[in-house]
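Topology and contacts: notes
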Amino acid sequence: MSAEKAAEVVRKLVANADSYEEALSVARAVDPRLLWRVEIKGFIKGSSLEALVKASLSLRHAAASLSNRELHYLQLAVEESKYAETALSKVNEEELGETARRLLNEAKAIIGVAQGDTSSLADLPLEVLIPVVQDLYINTEDVKERRALERLLELSLTGIAGLYQGKRTTYNAVGGRLDLRRSELKYIRMVNNFMTYRRREKAKNFSLLLDISGSMRPYSSMALAAAALATDSIDLLVLFNDTVKLVKGPLKRQTMIRLLASLRFDGYTNISQALRASETAKRAVIISDLRQTVRDLEPSEAICSFISKGRRLALLAPPSATLAEISKIQGCGASVVTVSGQSDVIRAFSKILRKV
């Protein structure tokens, strides 16, 4: 379902609510960015929900001002941000107020960019920063501006804790650095040969298959951001929608960041073709919702065939992934990690690389 349709569904749910509490339960259950179509009337007016709706609307107009380069949207974003500020001064539910403030801060940062101040991007969360940078990068030919955007992405990535960096820790009884905590625990449990050592080792190489169809933009963007810090382990990057593009390793971090900034997400999806293009890979990580929209083998058939040849495969799947297909590929021996939202992708990416 597109964001436009989802926002319309949310609007109807709130409009049909019988009480403020019911409307509130809808608002808490959905992505707050989908509240921009909700109409301010009745019990919503003067409430904390009004502040959240206005902040969501300001963010929507701000994003449109970047995509369309139209002053009209920028003016609307500024106007709605002022309404949101006024509504925020009257909030009586701190949870909604905090969410509204976060959305409003994102809107203001994007408004700043539209007005020529790219420094305001530095305070955005990564899942918001990446699509903004992508839109700016694609819509400018200025080399200096593009380099500044690449640098901003790089700084934002290196500041994120927990990103997988292509190494893993192994534990053994000989060699490496003594792990006091594990050794003590084994000693307490009276385990023979309790001395335990740890060693940081380079992870095994793998191929990364990235679904770049339109619906996968939030998830594949975040996965590529995480992969930018694991370049030493990626021997082949496969970008696919209804066509396939191969980027052979070894890859440099700067190459990945430039690719992240410049990627366009569109087209249909052919997972089977992407797997055939990766036939030399011994290990593969695939980021996709498993929605095959081109006539070909079903994803589960292609994945099971891939694994049957003695290869390993792990899947990182968004909430929209086809559950029936997930069940089938798990039955073939694939590892699967699902995420509830794009903010979980970096953690999930680090986790899945240890399964392949």
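Residues numbered from 1 in each chain as written. Predicted model: local features only at pLDDT ≥ 70, side-chain atom pairs only at ≥ 80, totals over all residues. Heavy atoms only, no water.

**So, the pairing of strand β6 (residues 244–248)**
Of the pairings in the sheet, the one linking strand β5 (residues 234–240) to β6 comprises 5 bridges and is antiparallel in character. Counted as the bridge partner of Leu236 is Lys248 from β6. The turn joining β5 and β6, which pair antiparallel and follow one another in sequence, is formed by 3 residues. (Pairing = 2+ DSSP bridges. Helix = DSSP H or I, 4+ residues; strand = E, 2+ residues; numbered from the N terminus.)

**Digging into the sheet that holds β5**
Two modes of strand pairing occur in sheets, parallel and antiparallel, and in both the strands are linked by backbone hydrogen bonds. Across the sheet, 6 strands lie side by side as β6-β5-β4-β7-β8-β9; this open sheet has mixed pairing. Unpaired on one side and paired on the other, β6 and β9 (335–338) mark the two borders of the sheet. In this sheet, adjacent strand axes meet at a mean angle of 15° when their direction is disregarded. In terms of strand pairing, strand β4 (residues 206–211) meets β5 through 6 bridges, oriented parallel. By the bridge assignment, Asp211 is partnered in β5 with Phe240. Its contacts with the sheet put helix α13 (residues 323–331) on β8 (312–317) and β9, and the angle it makes with β9 is roughly 145°. Of the strands in this sheet, β4, β7 (283–287), β8 and β9 touch helix α14 (residues 345–352), which is tilted by about 170° from β8. (Axes fitted to C-alpha atoms, helices over the stretch in contact; angles between N-to-C directions. Contact = heavy atoms within 4.5 Å.)

**A short note on a nonpolar patch on the surface**
Taken together, Leu178, Leu180 and Met195 make up a surface patch of nonpolar side chains, about 250 Å² in accessible area. Position of Leu180 among the secondary structure elements: in helix α8 (residues 180–188). Leu180 sits in the exposed class, given a relative accessible area of 54%. (Patch = residues over 30% accessible without salt bridge, like charges linked within 9 Å, V, L, I, M, F, W, Y side chains within 5 Å. Areas by Shrake-Rupley, 256 points an atom, 1.4 Å probe, with all protein chains shown as cover. Salt bridge = Lys/Arg side-chain N within 4 Å of Asp/Glu carboxyl O. Buried < 20%, exposed > 50% of the residue type's maximum accessible area, 1.4 Å probe, protein only.)

**Observations concerning the confidence of the model for the protein chain**
Per-residue confidence for the protein chain averages 84 on the pLDDT scale, and 93% of its residues sit at or above 70. Strand β1 (residues 167–172) is the least confidently modelled element of the protein chain, averaging 61 in pLDDT, while β7 averages 93, the highest of any element. (pLDDT = per-residue confidence, 0-100.)

**Topic: the state of the cysteines**
If you walk through the whole model with that rule in mind, you get 1 disulfide. Each disulfide pairs two cysteine sulfurs, and for Cys304 the partner residue is Cys332, the sulfurs being separated by 1.7 Å. Across the S-S bond linking Cys304 and Cys332, the dihedral sits near 80°, which makes this disulfide right-handed. Taken together, the residues span a long stretch of sequence, with Cys304 in helix α12 (residues 299–308) and Cys332 in the loop between α13 and β9 at a distance of 28 residues. (Disulfide = S-S within 2.5 Å.)

**Notes on the pattern of salt bridges**
Counted under the stated rule, the structure contains 14 salt bridges. Ionic pairing is found between Arg33 and Glu106, a salt bridge with its closest N-O pair at 2.8 Å. With Arg33 in the loop between α2 (20–29) and α3 (48–68) and Glu106 in helix α5 (residues 94–114), this residue pair connects regions lying 73 residues apart in the sequence. For Arg33, a relative accessible area of 29% translates into the label partly exposed. Residues joined in a network through salt bridges with shared partners are Glu8, Arg11, Arg37, Glu39 and Lys41.

**A short note on helix α7 (residues 143–158)**
For α7, with 16 residues, the first-to-last C-alpha span of 23 Å sits near the 22 Å given by 1.5 Å per residue. Of the residues making up α7, those classed as buried are Leu149, Glu150, Leu152, Leu153, Glu154, Ser156 and Leu157. On its buried side, α7 packs onto α6 (126–138), α9 (217–227) and α10 (253–262). Capping the start of α7, Asp142 holds a side-chain oxygen 3.0 Å from the backbone nitrogen of Lys144, two or three residues further along. (Expected span 1.5 Å × (residues − 1). Polar contact = N/O pair within 3.5 Å; in protein donor to acceptor, adjacent residues only side chain to side chain.)

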